[in-house]
Amino acid sequence: MWEETKPGRSAKKREVGGALVDSPARVARPARTDRPPPYGAQNRQDALWSGGNEVLPPGWFQFQLTNGPAVYHNNNLHMSSIYRPLPGVRLDHPRMLISGCEWHISPLGRSYFVNHNTRTTSWKKPIPERPAGSLTPLCVIEAHSNRIWSLACVGTSYNLMSTSDDGSIRQWKRDGESVGEPWEGNGGAIGAMAVSPDETMVVSGSIDGRIRLWNRNNGKMVGNPWEGHNAPVRCLDWSPNARQVASASEDSTIRRWNPDTGQQITPPIQTGQRVYVIKYSHQGDTFASGGEDNMIHVWSKDGELLIRGHDDLVLSLCWSKDGQRIFSGSADATIRKWRSIDGGELAVLRGHTNSVTSVCLTPDERHLVSASSDCSVRIWGLKTERQVGDPLWHDDELRALVIFPDGNCFASAGLDRKIYIWSLEAALKHARDQGRAASSGDILDASPRSRQLANSRSVARYGNDFWEDDTTNRTPRRLAPITSPSPPSRRWHDLLNFLHFTPQPVETSQPILLHSRRWNFSLSARPGRISTQTIDVAPARDEDRYAIAPPTEAEVAEAMQQAGGNAGNSSTSQGQAAAGAQGSQVHTTGQTAHATQLQNSSPDTRLGESPLYVIGCCGLLFRFGCHRST
């Protein structure tokens, strides 16, 4: 199937995380294209697609992160990588796939996956295994032909609505039956959706940057699309009083619209970074946003409150009913609880192993439900602030979550194009039956101290016209300069740093010179005091063996003979090393070592007239003296 590579060019030389393996080796075109390259053949090769290594494979495009690296996106798999797709390049990053799997691209430009657990390759992305006894959903709806971005629950019968990359909005009954025809706005993929408080109207945001208003009763678009954004619309929310719709886009702006006219109420807020989520408080006088700068921005008439605590992108938000608490989910795999008035961090919920893409509170606010790119939905008890029961599993990454108004069920959806409907009551009962009301493996990290950044509520005052029609450009101002935020995604920074570690083999057939180093330490050192005691440290090979030298040379020979065993009969080369002390030497011969007695004339280290000895152990050389009674 493939030409054999030269000996030594095995998969073992491959570096993780996108490093290229070996130099390019030309191989023949595969005889069959219906199978991925075999296991162990992930070495560097020339691209065979049109244009070769100079162009991206079919179905890929490139974009740039704000203050970050270039990102390469695969439209077929809906997966992205910071590594240029070339044969022999590992494209995945930590936590992207299940443990033991890698993402590669074939010479013909098709993505495939390597599974080291089974030593196989496959065109299909590996999915997590459901543990025995896992809870199953009430219903699974084969909803769309592409990934699902957003969910909503409407009507007295609690129908579901979903948006997808297939460019449609669909309605479903709770049992999975389709309601009416799909809504299609001809704007491409639909990522965001929000339902009016009276549930008669729906707004959607598309990849073309336009916002469309729909009549929910007949599925018809109302008026012309709202224009203003010049990049895909990532999130939408309707104010509780129904007078405003807030939108955010990859163009780094937040815009607020009058839903009756489709016109912007005030000039856009320039955030300077991509915004991924926006949510109004239940009181309607404040809204929060999160995005690429890892911070939560709380906007109100009093100004802009910046809350910093996450280590990666902020992807999801929800408010408590009283407006006093904000819950956030992040690409750092944590859920955090904050005071909305000053940004104080109240708790950190840990358990997910990948980005938390959606969080929702149950109507009674006793539980929080979260969805994640780790393919799981998790339930958290807000009283104990711990995970309740086991995760609920999908076949792929999750993007959307909604809880039914009656609190009995919730729905989740994502890249597997399916909507799973779960019973909250059944999930809680399942946890109680297993005696796992709180998962022992997932803990709460409560932080009494706030980690907010510039949390003054008078940072920028907008006045009453912040919520009214206004033609004056009031871009957010800051009273004091804010320190530069961390990079847009710490994941990229950590990856780039961890790629460049390449161990260099040591030629063990040659003697190794032991270089003396001096370490200062003291077990009883007081603060502000620097110890002057030193030891000499030297590197060693695995073949080197050291023993503690007893006072007499005869005992040394006997001890080393016992340590060397039968190996002392074999002839080995001799090496010599300097220990860096005054005239001290250690000679190594095969697996034996001889430590010579040293005399140290230094008055501050001399123990009366007693001799000093050299101890070699684990690559370290120690000098010590012991007082002999006369």
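Structure report, in brief. (Residues numbered from 1 in each chain as written. Predicted model: local features only at pLDDT ≥ 70, side-chain atom pairs only at ≥ 80, totals over all residues. Heavy atoms only, no water.)

Here the focus is the sheet that holds strand E1 (residues 60-64). Pairing is antiparallel across the open sheet formed by three strands, whose spatial order is E1-E2-E3. Two strands lie at the open edges of the sheet, namely E1 and strand E3 (79-81), each paired on one side alone. Ignoring which end each strand starts from, the neighbouring axes of this sheet average 30° apart. Two strands pair when backbone bridges link them, and strand E2 (residues 70-74) and E3 are joined in this way by three bridges, in the antiparallel orientation. Note that in E3 the partner of His73 across the bridge is Ser80. (Pairing = 2+ DSSP bridges. Helix = DSSP H or I, 4+ residues; strand = E, 2+ residues; numbered from the N terminus. Axes fitted to C-alpha atoms, helices over the stretch in contact; angles between N-to-C directions.)

The strand order across the open sheet built from four strands is E7-E35-E34-E33, with neighbouring strands paired in antiparallel fashion. The open sheet terminates on both sides in strands that have one partner only, identified here as strand E7 (139-142) and strand E33 (398-403). Direction aside, neighbouring strands of the sheet carry axes that sit 20° apart on average. Two strands pair when backbone bridges link them, and E33 and strand E34 (residues 409-414) are joined in this way by five bridges, in the antiparallel orientation. Each bridged residue has a counterpart across the sheet, and for Leu398 the counterpart in E34 is Gly414. Packing against the sheet, helix H1 (residues 424-433) makes contact with E34 and strand E35 (418-423), and its axis sits at approximately 60° to E35. (Contact = heavy atoms within 4.5 Å.)

What follows deals with H1. Helical periodicity: at 3.6 residues per turn, an α-helix aligns residues three or four positions apart in one direction. Within H1, burial applies to Leu424, Ala427, Leu428 and Ala431. Taken end-on, H1 shows its buried residues confined to a sector of 95°, consistent with a single buried face. When the buried face of H1 is taken as reference, the exposed residues oriented beyond 90 degrees from it are Glu425 and Asp433. Looking one or two residues past H1, Gly435 carries a phi angle of roughly 65°, positive in sign. (Buried < 20%, exposed > 50% of the residue type's maximum accessible area, 1.4 Å probe, protein only. Arc of directions from axis to C-beta.)

Here the focus is the pattern of salt bridges. Under the criterion given, the structure shown has 23 salt bridges. Residue Arg174 is joined to Asp406 by a salt bridge in which the shortest nitrogen-to-oxygen separation is 3.6 Å. Within this pair, whereas Arg174 is found in the loop between strand E10 (168-172) and strand E11 (178-184), its partner Asp406 is found in the loop between E33 and E34, the two being separated by 232 residues in sequence. When the shortest N-O distance is used, the salt bridge between Asp433 and Lys429 registers 2.9 Å. Of this pair, Asp433 and Lys429 both sit in helix H1, four residues apart, roughly one helical turn. Taking the relative accessible area as the measure of exposure, Asp433 reaches 57% and is therefore exposed. Classification of Lys429 as partly exposed rests on a relative accessible area of 45%. Each of Lys125, Asp396, Glu397 and Arg399 takes part in a single network of salt bridges with overlapping partners. (Salt bridge = Lys/Arg side-chain N within 4 Å of Asp/Glu carboxyl O.)

Next up on the list: the side chain of Ser423. Structurally, Ser423 can be placed in strand E35. Excluding its chain neighbours within four sequence positions, the residues that come into contact with Ser423 are Leu138, Asn408 and Cys409.

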